Amino acid sequence: MRRRSFLLGAATAAAAGSVGYWRARVVETTPDVHYPGMQAGHALRDKAALPQPSATRQHQVAILGSGVAGLSCAWKLAREGFTDFVVVQGPEFAGNAAAGVRDGLDYPLGAHYLPLPSLASTHVREMLADFGIIERGAGDARPYYDEAVLVHSPQERLLRNGRWEEHLLPMTDVPDADAAQHQRFLALVDQLRTQVGSDGRKVFCIPLDLSSRDPAWRALDALTFKDWLAREGYTSPALHWYLNYCCRDDYGAGIEVVSAWAGLHYFASRDGHAANAGEGAVLTWPGGLATLAERMRAAITQKLGHADWLLPGTAVRIEELATGPRVLCIEESADGAARAYALQTRRTVCAMPLFVAQRLLPDIRAYGYDPATHAAPHAAWMVSNFVMDGYPLEAPGEPLSWDNVVYEGQALGYVVSTHQLLRVARTPRSVFTAYHALSGQTPQAAREWLTRASPQDLRDVAAVDLVAAYGKEFWRNARQLEITVRGHAMATPVCGYLSNQGLAALRAVDGPVLFAHADLSGYSVFEEASWWGVTAAARILGGHRQG
């Protein structure tokens with residue numbers, strides 16, 4: 001779509017009398033809107049005719065998808081010396097960890113940070129050490145991290161009652177009884193971080209696969225987080241808002257939908273620390289988690305000695321033959337023509353969302369997963385990047401932070417991509433990245449609205465928290481806007497997801513076709529996607545050694 005720039009030409013400015021005249025106007029820019037994967041996904045859904053392959057390549061392993069799971073699988077294989085594999089990129093390199101760049105400014109198109117990994121997340125710690133992000137002590141309780149990627153201060157702030165406050169959970173200007181509830185909840189979370197079930201496992205662990213199976217604790221999955229809060233006497237409106245915000249941020253849905261187990265897991269599973277950072281610190285980059293995707297790509301290329309392992313195109317069909325899976329892929333050329341090629345493999349890893357994988361396989365129900373009963377809802381999201389020329393005037397209170405949230409806002413606030421670059425003075429230009437989980441309606445209704453909304457409609461939704469923070473004056477600084485629409489951004493852990501037998505069946509698959517995606521955990525974060533990628537790699541390596 002065409003972009004209308006604020007930077008008007010000299011002739012127009014001269015006709016107006018002066019450039020200052022134009023800069024004084026408040027004009028809302030027309031966005032560029034992107035729908036990564038939508039065209040390919042709809043073609044699969046609608047069973048579009050597939051061309052015949054013009055060539056066939058032979059490889060021991062094909063990994064379908066270059067998101068965090070697929071790249072983690074490839075990184076682990078290469079690191080262990082396994083070289084005969086390829087990765088079919090899919091419609092978007094890095095998937096939910098993708099990034100964009102304009103005029104030299106990087107910004108996230110999806111996930112923008114990684115919490116400090118817990119001791120149980122050994123796969124993530126190994127990766128961060130491999131990349132030099134953990135500089136020493138990867139196996140320690142408090143590793144030493146590269147200072148450049150630890151989030152700089154100030155980290156977060158909350159706009160409430162016309163002023164910015166330092167923390168996202170309100171602790172001042174609330175009734176004493178509510179403040180007491182806030183403290184009680186935080187104390188409970190501290191206790192749950194070390195809680196162990198009857199099987200000796202941590203109750204809330206990340207990766208989720210290592211969590212306790214204790215039925216007494218897993219019973220929390222039978223009720224919503226909102227119902228659990230009511231049962232436990234948590235009635236504070238501010239606490240409810242905060243917990244609802246957190247669930248929308250990680251799961252794409254609110255406390256009235258998310259499982260109580262998942263709601264508590266959000267807080268209690270995070271127990272990572274750093275020797276050189278305070279509690280609650282995270283790792284972040286201007287382009288978000290795309291930096292980790294690029295580090296994986298570089299590490300794989302270095303290990304293999306070439307970059308031909310990453311293939312263009314999208315996998316569209318898997319044939320399960322006696323000789324091994326055969327994968328049909330389609331690559332769109334520069335002139336718009338489609339070229340098909342095939343991959344004959346011994347093992348194939350479906351590192352894609354399950355709602356896509358089910359359309360590639362002859363019948364995914366043969367693996368114990370029935371989409372009609374086992375498919376999780378997937379939340380619809382918008383990630384909107386506003387390229388800023390200067391900075392809007394701030395409301396009183398805390399200074400501009402990396403993460404900025406509007407209390408009771410419709411969206412999820414915004415992060416400042418150049419925050420990690422700030423030293424003595426602000427950069428003259430920046431990118432404000434606004435996140436919006438469309439949780440006010442069903443996922444299907446949200447997707448339908450996204451497909452028919454005009455660029456102006458999307459812009460108004462994208463800017464809702466920024467306009468709440470700065471008023472229409474915000475548009476004096478916003479020069480360009482890029483909106484990324486993710487109709488199936490993430491799986492939502494609704495009640496019963498822990499006992500989902502279809503997901504359990506796919507997690508256990510160890511044959512010619514393997515599954516590796518955060519969907520197997522029921523929600524989408526880096527540690528879970530990476531876990532299933534390295535788990536698939538371990539199964540491939542184990543079978544290869546036995547063979």
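Residues numbered from 1 in each chain as written. Predicted model: local features only at pLDDT ≥ 70, side-chain atom pairs only at ≥ 80, totals over all residues. Heavy atoms only, no water.

### Some remarks on the domain arrangement of the protein
Accessible area lost upon the coming together of the parts is a frequently used measure of interface size.
Part 1 of the argument: Under the domain assignment used here, the protein contains domain 1 (28-36 + 377-491) and domain 2 (41-376 + 493-541).
Part 2 of the argument: One C-alpha centre belongs to domain 1, the other to domain 2, and the line joining them spans 22 Å.
Part 3 of the argument: Taken together, both faces of the contact between domain 1 and domain 2 bury some 4800 Å²; the carbon and sulfur share is 55%.
Part 4 of the argument: Per-residue buried area on domain 1 facing domain 2 is highest for Trp402, Tyr407 and Gln420; these three make up 16% of the total on that side.
Part 5 of the argument: Inspection of the domain 1/domain 2 interface yields five salt bridges.
Part 6 of the argument: Put simply, domain 1 and domain 2 have 39 residue pairs in polar contact (both at pLDDT 80 or more) between them.
Part 7 of the argument: Elements with a contribution of two residues or more to the side of domain 1 that touches domain 2: β18 (378-389), β19 (403-406), β20 (414-416), β21 (429-437), α16 (464-470) and β22 (478-491).
Part 8 of the argument: Examining the composition of the side of domain 1 that touches domain 2, we find that eight residues originate from one element, β22, more than from any other.
Part 9 of the argument: Classifying every residue of the side of domain 1 that touches domain 2 by side-chain character gives 29 nonpolar, 17 polar and nine charged. (Domains from an automatic or database assignment. Buried area = accessible area lost by both parts, 1.4 Å probe. Salt bridge = Lys/Arg side-chain N within 4 Å of Asp/Glu carboxyl O. Polar contact = N/O pair within 3.5 Å; in protein donor to acceptor, adjacent residues only side chain to side chain. Helix = DSSP H or I, 4+ residues; strand = E, 2+ residues; numbered from the N terminus. Nonpolar A, V, L, I, M, F, W, Y, C, P; charged D, E, K, R; others polar.)

### A short note on the side chain of Ser211
Part 1 of the argument: As for its position among the elements, Ser211 is in the loop between α6 (176-192) and α7 (215-218).
Part 2 of the argument: For Ser211, a relative accessible area of 0% translates into the label buried.
Part 3 of the argument: Those residues in contact with Ser211 that sit more than four places away from it in its chain are Arg201, Lys202, Val203, Phe204, Cys205, Arg218, Trp261 and His265. (Buried < 20%, exposed > 50% of the residue type's maximum accessible area, 1.4 Å probe, protein only. Contact = heavy atoms within 4.5 Å.)

### As for the packing of helix α4 (residues 68-79) against helix α5 (residues 122-130)
To characterise two packed helices, one gives the angle between the axes of the helices and the distance between these axes.
Part 1 of the argument: α5 packs onto α4 with a crossing angle of 70° between their chain directions and a minimal axis gap of 12 Å. Comparing their axes, α5 and α4 come out roughly perpendicular. Where α4 crosses over α5, the handedness of that crossing is left-handed. Residues Ser72, Trp75, Lys76 and Arg79 of α4 form the contact with α5, whose participating residues are His123, Glu126, Met127 and Asp130.
Part 2 of the argument: Here the contact of α4 with α5 is composed, by residue class, of two nonpolar, two polar and four charged. (Axes fitted to C-alpha atoms, helices over the stretch in contact; angles between N-to-C directions. Parallel < 35°, antiparallel > 145°, perpendicular 65-115°, else oblique. Left-handed = near helix turned anticlockwise from the far one by under 90°.)

### Overview of the sheet that holds strand β2 (residues 56-58)
Part 1 of the argument: Strands sit in the order β2-β16-β15-β14 across an open sheet of four strands; the sheet is mixed. Edge positions in the sheet fall to β2 and β14 (314-321), since each of these pairs with one other strand and no more. Across the sheet, the mean angle separating the axes of adjacent strands is 25° when strand polarity is ignored.
Part 2 of the argument: As judged from the seven bridges shared by β14 and strand β15 (residues 324-332), these two strands associate in the antiparallel manner. Among the inter-strand pairings, Arg317 is bridged to a residue of β15, identified as Leu328. (Pairing = 2+ DSSP bridges.)

### A short note on the packing of α6 against helix α10 (residues 260-268)
Part 1 of the argument: Viewed as axis vectors pointing N to C, α6 and α10 meet at an angle of 80°, and their least axial separation amounts to 9 Å. As judged from the angle between their axes, α6 and α10 are roughly perpendicular. Contacts from Phe185, Val189 and Leu192 of α6 reach α10 at Leu264, Phe267 and Ala268.
Part 2 of the argument: Grouping the amino acids of the contact of α6 with α10 by side-chain chemistry returns six nonpolar, no polar and no charged.

### Some points on the side chain of Asp221
Part 1 of the argument: Tracing the backbone shows Asp221 in the loop between α7 and α8 (225-231).
Part 2 of the argument: The charged side chain of Asp221 is buried without a salt bridge, its nearest counter-charge being Arg218 at 7.1 Å.
Part 3 of the argument: Among the polar contacts listed, one links the side chain of Asp221 to the side chain of Ser259, at a separation of 2.7 Å.
Part 4 of the argument: In contact with Asp221, not counting residues within four places along its chain, are Ser259, Trp261, Val494, Cys495, Gly496, Tyr497, Leu498 and Ser499. (Lys, Arg positive; Asp, Glu negative; His and termini not counted.)

### A few points about the sheet that holds strand β3 (residues 61-64)
Part 1 of the argument: On the basis of which strands lie adjacent, the open sheet formed by five strands has the order β13-β4-β3-β17-β23 and parallel pairing. A strand with exactly one partner marks an edge of an open sheet, and here the two such strands are β13 (310-311) and β23 (513-515).
Part 2 of the argument: Across four bridges, β3 lies against strand β4 (residues 85-88) in parallel orientation. Bridge pairing in β4 places Ala62 opposite Val86.
Part 3 of the argument: On the sheet, α4 packs against β3, β4 and β17 (347-350) and is oriented at approximately 150° with respect to β3.

### Things to note about α5
Because an α-helix packs 3.6 residues into every turn, residues spaced three or four apart end up facing the same way.
Part 1 of the argument: Those residues of α5 lying buried are His123, Val124, Arg125, Met127 and Leu128.
Part 2 of the argument: Phi turns positive one or two residues past the end of α5, at Gly132, with a value near 80°.

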